[in-house]
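A look at the structure
Residues per chain are reported as follows:
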Amino acid sequence: MDHIKTLIDRYPVLQVCEKSIRDAAEAIIVSYEQGGKLLVAGNGGSASDSDHICGELLKSFVLKRTPDKQFLDALTAIDADTGAYLADKLQGSLPAIALTNQSALMTASLNDVDGNVMFAQQVNGYGKKEDVFFGISTSGNSKDVIYALVVAKAKGLKTIALTGKTGGKVKDIADISIIVPENETYKIQELHLPVYHALCLEIEAHFFKE
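Presented here is an overview of the structure given in this document.

Analysis parameters
Residues numbered from 1 in each chain as written. Predicted model: local features only at pLDDT ≥ 70, side-chain atom pairs only at ≥ 80, totals over all residues. Heavy atoms only, no water. Core = buried A, V, L, I, M, F, W, Y, C linked by side-chain atoms within 4.5 Å. Buried < 20%, exposed > 50% of the residue type's maximum accessible area, 1.4 Å probe, protein only. Helix = DSSP H or I, 4+ residues; strand = E, 2+ residues; numbered from the N terminus. Contact = heavy atoms within 4.5 Å. Polar contact = N/O pair within 3.5 Å; in protein donor to acceptor, adjacent residues only side chain to side chain. Salt bridge = Lys/Arg side-chain N within 4 Å of Asp/Glu carboxyl O. Phe/Tyr/Trp six-rings, centres within 6.5 Å; stacked < 30°, edge-to-face > 60°. Expected span 1.5 Å × (residues − 1). Pairing = 2+ DSSP bridges. Axes fitted to C-alpha atoms, helices over the stretch in contact; angles between N-to-C directions. 1 Å grid on protein atoms, 1.4 Å probe; cavity = no way out; pocket = protein on both sides within 12 Å on 5 of 7 lines; lining within 4 Å. Points joined across faces, edges and corners; volume = space filled by probe spheres on them.

**So, the nonpolar core**
With 38 residues, the main nonpolar core has Leu38, Ile53, Leu57, Phe134, Ile160, Ile178 and Val195 as its most contacted residues. Residue contributions to this core peak at eight residues, all from helix H9 (residues 185-207). Setting aside anything within four residues of it in sequence, one finds Ile160 in contact with Ala24, Ala27, Ile28, Val132, Phe133, Phe134, Gly135, Leu149, Ala174, Ile176 and Ile178. In this structure, Leu39, Val123, Val145 and Ile173 belong to the second largest nonpolar core, which totals 18 residues.

**Describing the environment of His206**
Mapped onto the elements of the fold, His206 is located in helix H9. Spatially, the C-alpha atom of His206 lies 21 Å from that of Gln70, the residues being 136 residues apart in sequence. Ignoring sequence-local partners within four residues, the contact set of His206 consists of Ile29 and Glu33. Within polar-contact distance, the side chain of His206 engages the side chain of Glu33 at 2.8 Å.

**Comments concerning the pattern of salt bridges**
Across all of its chains, the model carries 11 salt bridges by this definition. Two residues, Glu18 and Arg22, come together in a salt bridge whose shortest N-O distance is 3.1 Å. Here Glu18 and its partner Arg22 are both found in helix H2 (residues 18-33), four residues apart, which amounts to about one turn of the helix. Several salt bridges share partner residues, and in doing so they unite Asp2, Glu18 and Arg22 into one network.

**Quick word on the packing of aromatic side chains**
As enumerated under the stated definition, the model contains one aromatic pair in all. Relative to Phe207, the ring of Tyr32 has its centre 6.0 Å away and its plane inclined at 85°; by these criteria the two rings are edge-to-face. Here the residue Tyr32 occupies a position in helix H2, and Phe207 occupies one in helix H9, the gap between them amounting to 175 residues. Residue class for Phe207 comes out partly exposed when judged on its relative accessible area of 27%.

**Re H2**
The terminal C-alpha atoms of H2 lie 23 Å apart, and with 16 residues this matches the ideal 22 Å at 1.5 Å per residue to within 8%. Buried residues of H2: Ser20, Ile21, Ala24, Ala25, Ala27, Ile28, Ile29, Ser31 and Tyr32, and no others. Following H2 by one or two positions, Gly35 has its phi on the positive side, about 85°.

**A word on the sheet that holds strand E3 (residues 132-136)**
Overall, parallel pairing links the five strands, which are arranged E2-E1-E3-E4-E5 in an open sheet. The open sheet has two free edges, formed respectively by strand E2 (96-98) and strand E5 (176-179), since each of these has just one partner strand. Across the sheet, the mean angle from the axis of one strand to that of its neighbour is 15°, orientation sign disregarded. Across the sheet, H2 lies against strand E1 (38-42), E2, E3, strand E4 (158-163) and E5, angled at about 135° from E5, the strand it touches most. Contacts between helix H7 (residues 118-126) and the sheet are confined to E1, E2 and E3, with E1 contributing the most and set at about 175° to the helix.

**Here's the deal with empty space enclosed by the protein**
The tally for this structure, following the rule as stated, stands at one cavity of 30 Å³ or more. Here the largest cavity defines a volume of roughly 40 Å³. Around the largest cavity, the lining residues are Ile28, Leu38, Ile53, Leu57, Phe134, Tyr196, Leu199, Cys200 and Ile203. Elements with a contribution of two residues or more to the lining of the largest cavity: helix H3 (45-58) and H9. The biggest single contributor to the lining of the largest cavity is H9, with four residues.

These figures come from the coordinates and say nothing about function on their own.
Structural data, given as structure tokens:
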């Protein structure tokens, strides 16, 4: 199934974003194929979206994700009972980290440095050239997301921005910008969710075909 086509069929207003959505899916798939991971960040509702995206990727979304048999055998070889339990419960996982939950780092940044660099600091620590940084900003002008995008590009990561309005400053920095055609924050966020669900569906289908 072409999940992005289904998205456009359900939300025709997103047709203007189809190419950028497809480009984003491809970039994340290539990253995973190269052993990379996804780093995601945003503020407020977009922070919740960051967590949501990671939740869909780290475990089963709509497809059954049976882990590799060699891994399952290794579990039971270590401890038969525990291994059997884990083999029954664990699901295939795609590495994704929301940069929105490091309370100690965030409060230290706010107190000691500058709270606007807390995402950039994590990209500096986590980021490798095989990775993708996915920044969410409804205005396209969130300073902390912009700083993280700049650090990500300097470290050689592929960068994706999910935004609205005119795309703001992020559209001039990110390699791929998905600019949904709305201007009010809540309306932008209402379109962000089906966009990233379609991305997660497309990525999952690539790696966990039934």
